[in-house]
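Chain by chain, the residues run as shown.
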2 protein chains.
Amino acid sequence: MIRGLGFRLPLALALLLAPAAPAAAYDVKEIGSYYLGGHMVHVEGLPKQEVQFSTGAPVASYDPNGDVETGQMYVQVVRLTAPLATLPLVFFAGAGFSGSVWESTPDGRPGWQQYFLAHGFDTIVPDAVGRGRSTWSRWPQIYSAAPLFRTAQEGWALFRIGPHYDSNPAKRQAWPGEQFPVQAWDNLVKQFDPRWTTIDGPTQDAYNALVQRECPCILIAHSQGAAFAIAAAVRAPDRVRAIVGLEPRFTPDPAKLDTAKLKGIPMLFIWGDNIDKDPAWENRLANPQKFEAAMRAQGNRFDWVSLPERGIHGNSHMLMMDRNSEQIADIVRDWLAQQGFVH
Amino acid sequence: MIRGLGFRLPLALALLLAPAAPAAAYDVKEIGSYYLGGHMVHVEGLPKQEVQFSTGAPVASYDPNGDVETGQMYVQVVRLTAPLATLPLVFFAGAGFSGSVWESTPDGRPGWQQYFLAHGFDTIVPDAVGRGRSTWSRWPQIYSAAPLFRTAQEGWALFRIGPHYDSNPAKRQAWPGEQFPVQAWDNLVKQFDPRWTTIDGPTQDAYNALVQRECPCILIAHSQGAAFAIAAAVRAPDRVRAIVGLEPRFTPDPAKLDTAKLKGIPMLFIWGDNIDKDPAWENRLANPQKFEAAMRAQGNRFDWVSLPERGIHGNSHMLMMDRNSEQIADIVRDWLAQQGFVH
């Protein structure tokens, strides 16, 4: 069922992927993390096992029954000694990704976390429930179903890298002018986290708890993350002061939302190129456009940025990792400054 | 099979657990991460599914077959503008934990990562393969077996928190003078990552690759992490300049090891209190003592610190999280300074 792929990164390419120089130095007051949310559940009725836990360890009896935690969220915080921004940024990753997407780009450049730290913003980077350092729970006992594993094939098409994926890197085809750093594609695949489709409820609960703890703040959300971010804002409109959505494809239906709660919250949605090349293209923007219309109708400040319409071409779904990620971060930072969030 | 536990943290206790003031400010040159190691494998023969990936998303066809990555490792790096130490610290977490154990303590104090940053060390914090942000692979197709989930009951005994665990926090019993912050126990349980017992090979490969990339360096290893650290040092003795083991219970049998490779590498092993209360106590120290003897016999600098023999009582297995974690970090830092690793 499994076969190893014989391709190795050539040395010259490996050197190309070496970390670039960081953005800038900055004075840090705190680097740390905490877990929030979740609750204990009691597992019972599972058989005991005899297990060798580690190489060299004696065989031991293992009882899987007892109290385990579920629904918790890992949150990494970096706070500056003298932030220039008036509010911290809270980052919501897209589906199947942990907070690592914000740290560095797959080709080793500084990620948006570092960009915004270097520009004076405190950064709060959680891992959604069930992903990354938030850990996950057994199924079917706690989660109701197994996760889905995203393949490289699926990601290549869905993230709009190009028309043809091949296991052999030399045979892959990217879109003309593709902004994703294609030679580092396999480094993005290393970040794919199993996707749980049955834990949106506890995930939203944890994000809501995060907003209670870290906000007033600005939410920066990628893809599916924007659905959680908007719902969190509806829940705590006094705490969410702005929402930036990077290709937020799964915005809620305004007819099913208490949209009035969002009144006064400025929003910026940014879209890349080649969206009509998305294999799931059909009406992909219909929901976000409906959401935009509802926000504008109630007087929200709403900016919809199509990068190609601004003459910025070739951007993938992974805007914050693309070769021009800093240019896109500049757009976000300028917009935040316009809204008065920078001293 | 599952029942929810009705206990909630009282507000006063929640306030007690609020983050403490950080250790000190420091000037950071880079905060980032990368993935290393691993390889692509091709999954085939699994059935397609119809799936709604996210709330609000259309039902889509999901094909689990294709290329997926396995064996990769997430590595978080923080580099200072002007480190005082001559070498970075590379942290190896214990079994069933990600690198988050080094960031902050369960009761919200600065963790060892922050302690050593504040004292001028660059810090490299990986997540072992299959844990945390390194993500994990499906079984039985890629990993050969399911993981084991550690219960709160097991952890309470194994980490030597006390003689009696109860689902109700008020009924739990800690050892007299216990140094683990018992009121924050549930925050530690939130960090328990499923344990894979069948991926030591790829895990070691990734640690070996990490040493090639980040060292010369000093390895700081907790519990099972020390087994990987020692094996990595045997593989690259020119790159590992010191090993600090925190309760390194699973040291390799020197008779089965090319011990000569480790010649000249100074080592410090630190042990907490109540080790005879460990439910798996029998001869728990026999292997580490055999290892120590072999190192001393070939002239290695080797320091074995029993904290109770130094008059420091009540430490659990989670030394770097205990209430006196800073005192223990001081011991490590003093020892590193003695070895000449601080300017």
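Participant: Break down the overall build of chain A for me, citing the residues and quoting the values.
Facilitator: The secondary structure content of chain A amounts to 8 helices and 11 strands. On C-alpha atoms alone, chain A measures out to a radius of gyration of 21 Å, which is about the 20 Å that the 2.2 N^0.38 rule sets for 343 residues. Here the C-alpha coordinates of chain A stretch approximately 65 × 50 × 45 Å along the principal axes. The burial tally for chain A puts 62% of its 343 residues in the buried class. By sequence separation, contacts in chain A at least 24 residues apart represent 76% of the contacts at least 6 residues apart. Here chain A has roughly 12300 Å² of accessible surface; of this, 51% comes from carbon and sulfur atoms. On chain A, the mean spot of the 31 positive side-chain charges and the mean spot of the 34 negative ones are 1 Å from each other.

Participant: If you had to explain the relation of the copies chain B and chain A to someone new, which residues and values would you point to?
Facilitator: If you rotate chain B by 180° and push it 0.0 Å along the axis, it lands on chain A with an RMSD of 0.0 Å. Viewed as a symmetry operation, the transformation between the two copies matches a two-fold axis. By residue overlap, the copies meet face to face through one surface: 100% of the interface positions of chain B are interface positions in chain A.

Participant: Explain the interface of chain B and chain A to me, using residue names and the numbers behind them.
Facilitator: Listed as interface residues are 96 residues of chain B and, on the opposing side, 96 residues of chain A. When the buried area of chain B at its contact with chain A is split by residue, Arg133(B), Trp136(B) and Lys190(B) rank highest and sum to 11% of it. Linking chain B to chain A there are 6 salt bridges. Where chain B touches chain A, the interface holds 32 residue pairs in polar contact (both at pLDDT 80 or more). Considering each element in turn, the side of chain B that touches chain A owes the most residues, 15 residues, to strand S2 (residues 26–43) of chain B.

Participant: A description of the packing of helix H5 (residues 200–214) of chain A against helix H6 (residues 225–235) of chain A should follow, citing residues and the corresponding values.
Facilitator: Residues and elements named next belong to chain A. Contact geometry for H5 and H6: axes closest at 9 Å, N-to-C directions at 55°. It follows from the interaxial angle that H5 and H6 lie oblique. Of the two possible hands of crossing, H5 and H6 adopt the one that is right-handed. Residues Asp200, Thr203, Gln204, Tyr207, Asn208 and Val211 of H5 lie in contact with H6, whose contacting residues are Ala227, Phe228, Ala231, Ala232 and Arg235. Class assignment for the residues of the contact of H5 with H6 results in 6 nonpolar, 3 polar and 2 charged.

Participant: Describe the side chain of Ser137(B), and please don't skip the residues or the numbers.
Facilitator: Mapped onto the elements of the fold, Ser137(B) is located in the loop between strand S7 (123–127) and helix H3 (152–158). For Ser137(B), a relative accessible area of 3% puts it in the buried group. In this view, Ser137(B) contacts Phe149(A), Glu69(B), Thr70(B), Ile142(B), Tyr143(B) and Trp196(B); residues no more than four positions away in its chain are not counted.

Participant: For the state of the cysteines, give the residues involved together with the corresponding values.
Facilitator: Think of a disulfide as a covalent bridge from one cysteine sulfur atom to another cysteine sulfur atom. Residue and element names in this part refer to chain A. Within this structure, the stated rule accounts for 2 disulfides over all chains. Covalently, Cys215 is tied to Cys217 through a disulfide, its sulfur atoms 2.0 Å apart. Across the S-S bond linking Cys215 and Cys217, the dihedral sits near 65°, which makes this disulfide right-handed. In this structure Cys215 comes out as buried when scored by relative accessible area, which is 7%. Overall, the relative accessible area of 0% leaves Cys217 in the buried class.

Participant: Please provide a residue-by-residue account of the confidence of the model for chain A, values included.
Facilitator: Where the model shows low pLDDT, its predicted coordinates should not be examined in detail. All names here are of chain A. Overall, the predicted model of chain A reaches an average pLDDT of 92, with 92% of residues at or above 70. Scored below 50 in pLDDT, residues 6–22 shows 21 contacts in the model against residues more than four places distant or in partner chains. As scored by the predictor, the complex reaches a pTM of 0.93 and an ipTM of 0.93.

Participant: Explain the packing of aromatic side chains to me, and be specific about the residues and the numbers.
Facilitator: Scanning the model with the defined rule gives 55 aromatic pairs over all chains in all. Measuring from ring centre to ring centre gives 4.7 Å for Tyr143(A) and Trp196(A), while their planes differ by 70°; the resulting arrangement is edge-to-face. Of this pair, Tyr143(A) sits in the loop between strand S7 (123–127) and helix H3 (152–158) while Trp196(A) sits in the loop between helix H4 (185–189) and H5, placing them 53 residues apart in sequence. No difference in accessibility class separates Tyr143(A) from Trp196(A), as the two residues are buried. What links up through ring pairs into an aromatic cluster is the set Trp136(A), Trp139(A), Tyr143(A), Phe149(A), Trp196(A), Trp136(B), Trp139(B), Tyr143(B), Phe149(B) and Trp196(B).

Participant: Tell me about H5(A), and please be specific about residues and values.
Facilitator: Along its 15 residues, H5(A) runs 21 Å from first to last C-alpha, staying within 8% of the 21 Å computed at 1.5 Å per residue. Along H5(A), the residues that are buried comprise Asp200(A), Thr203(A), Gln204(A), Ala206(A), Tyr207(A), Asn208(A), Leu210(A), Val211(A) and Glu214(A).

Participant: Account for the side chain of Lys190(B), with residues named and values stated.
Facilitator: One can find Lys190(B) in the loop between helix H4 (185–189) and helix H5 (200–214). Judged by relative accessible area, which is 8%, Lys190(B) ranks as buried. Here the side chain of Lys190(B) touches Gly37(A) through a polar contact of 2.7 Å, landing on its backbone oxygen. In this structure, Lys190(B) is in contact with Tyr35(A), Gly37(A), Gly38(A), Glu69(A), Gln72(A), Ser134(A) and Thr135(A), ignoring residues within four places of it in sequence.

Participant: Report on the pattern of salt bridges, specifying residues and quantitative values.
Facilitator: Close approach of charged atoms lets side chains of opposite charge pair. One pass over the structure, following the stated rule, counts 26 salt bridges over all chains. With a closest N to O distance of 3.2 Å, Arg133(A) and Glu103(B) form a salt bridge. Taken together, the residues span two chains, with Arg133(A) in the loop between S7 and H3 and Glu103(B) in the loop between strand S6 (89–92) and helix H2 (112–118). Using a relative accessible area of 0% as the deciding quantity, one classes Arg133(A) as buried. Its salt-bridge partner being Arg160(A), residue Glu247(A) comes within 2.6 Å of it at the nearest N-O pair. You can see Glu247(A) sitting in the loop between strand S9 (240–246) and strand S10 (267–271) and its partner Arg160(A) sitting in the loop between H3 and H4, a full 87 residues away along the chain. Look at Glu247(A) and you get buried, because its relative accessible area is 0%. Judged by relative accessible area, which is 1%, Arg160(A) ranks as buried. Salt bridges here are not isolated pairs; linked through shared partners, they connect Glu30(A), Arg79(A) and Glu214(A).

Participant: Got a sec to walk through the nonpolar core? Specific residues and values, please.
Facilitator: Leu210(A), Leu262(A), Phe291(A), Leu210(B), Leu262(B) and Phe291(B) are the most contacted members of the largest nonpolar core, which has 96 residues in total. Setting aside anything within four residues of it in sequence, one finds Leu210(B) in contact with Tyr34(B), Leu36(B), Met73(B), Val75(B), Val90(B), Ile124(B), Pro126(B) and Cys215(B).

Participant: Could you give an account of the pairing of S9(A), naming the residues involved and the relevant values?
Facilitator: Successive side chains on a regular strand alternate, one facing one side of the sheet and the next facing the other. All names here are of chain A. Counting buried positions along S9 gives 6 out of 7 residues, so the element sits mostly inside the fold. As defined by bridge partners, strand S8 (residues 217–222) adjoins S9 across 6 bridges and the pair is classed as parallel. The partner of Ile218 across the bridge, within S9, is Ala242. This β-α-β element, S8 to H6 to S9, shows right-handed connectivity. The sheet contact formed by S9 and S10 spans 4 bridges and is parallel. Across the sheet, the residue bridging to Val244 is Leu268, located in S10.

What counts, and where the lines are drawn
Each chain has its residues counted from 1, running along the sequence as written. Naming scheme: in the order in which they are written, chains are lettered from A and ligands are numbered from 1. Whole-chain, interface and lining totals are the exception, using all residues; otherwise, since this is a predicted model, local features are given only for residues with pLDDT of at least 70 and side-chain atom pairs are given and counted only at 80 or more. As a rule here, side-chain values come from all non-hydrogen atoms in the structure, and water together with hydrogens is ignored. Think of it this way: any DSSP run of H or I at least four residues long counts as a helix, any run of E at least two long counts as a strand, and we number them from the N terminus. C-alpha atoms define the radius of gyration, and 2.2 Å times the number of residues to the power 0.38 defines the globule rule. Think of it in three bands: residues with accessible area under 20% of the maximum for their type are buried, residues over 50% are exposed, and the middle band is partly exposed, with areas taken using a 1.4 Å probe on protein chains only. Here a residue-residue contact requires only that any non-hydrogen atoms of the pair lie within 4.5 Å. Here the accessible surface of atoms and residues is derived via Shrake-Rupley with a 1.4 Å probe, and residues count as covered only by protein chains that are part of the display. The charged-residue count follows a simple rule in which Lys and Arg add positive charge and Asp and Glu add negative charge, with His and chain termini not counted at all. Where a charge lies is defined by one atom per residue type: Lys uses NZ, Arg uses CZ, Asp uses CG and Glu uses CD. When the copies are overlaid, the least-squares fit takes in C-alpha atoms only where the residue has pLDDT of at least 70 in both copies. A quick way to say it: buried area is the sum, across both parts, of accessible area lost when two parts are put together, with a 1.4 Å probe. The working definition used for a salt bridge is a side-chain nitrogen of Lys or Arg within 4 Å of a carboxyl oxygen of Asp or Glu. A 3.5 Å cut-off defines polar contacts: any pair of N or O atoms within that distance qualifies, except that in protein one atom must be a possible hydrogen donor and the other a possible acceptor, and neighbouring residues in sequence count only when both atoms are side-chain atoms. Only the stretch in contact is used when fitting a helix axis, every axis being a line fitted to C-alpha atoms; angles between N-to-C directions are given from 0 to 180 degrees. Relative orientations are named as follows: roughly parallel for angles under 35 degrees, roughly antiparallel for angles over 145 degrees, roughly perpendicular for angles from 65 to 115 degrees, and oblique for any other angle. Each crossing gets its hand from how the near helix is turned against the far one by less than a right angle, where anticlockwise is left-handed and clockwise is right-handed. For this classification, the nonpolar set comprises Ala, Val, Leu, Ile, Met, Phe, Trp, Tyr, Cys and Pro, the charged set comprises Asp, Glu, Lys and Arg, and every other residue, Gly included, is treated as polar. Here, a disulfide means two cysteine sulfur atoms that sit within 2.5 Å of each other. What pLDDT expresses is the predictor's confidence in each residue, scored from 0 to 100. Ring geometry is summarised as follows: Phe, Tyr and Trp rings, the Trp one being its six-membered ring, pair when their centres sit within 6.5 Å, and such pairs are stacked at plane angles under 30 degrees, edge-to-face over 60 and tilted between the two. A helix is expected to reach a length of 1.5 Å times the quantity of its residues less one. Among buried residues, those of type Ala, Val, Leu, Ile, Met, Phe, Trp, Tyr and Cys that are joined through side-chain atoms within 4.5 Å constitute a nonpolar core. A pair of strands is considered paired only if DSSP assigns at least 2 bridges between the two. A clockwise path from the first strand over the helix to the second, with the strands pointing away from the viewer, defines a right-handed crossover.

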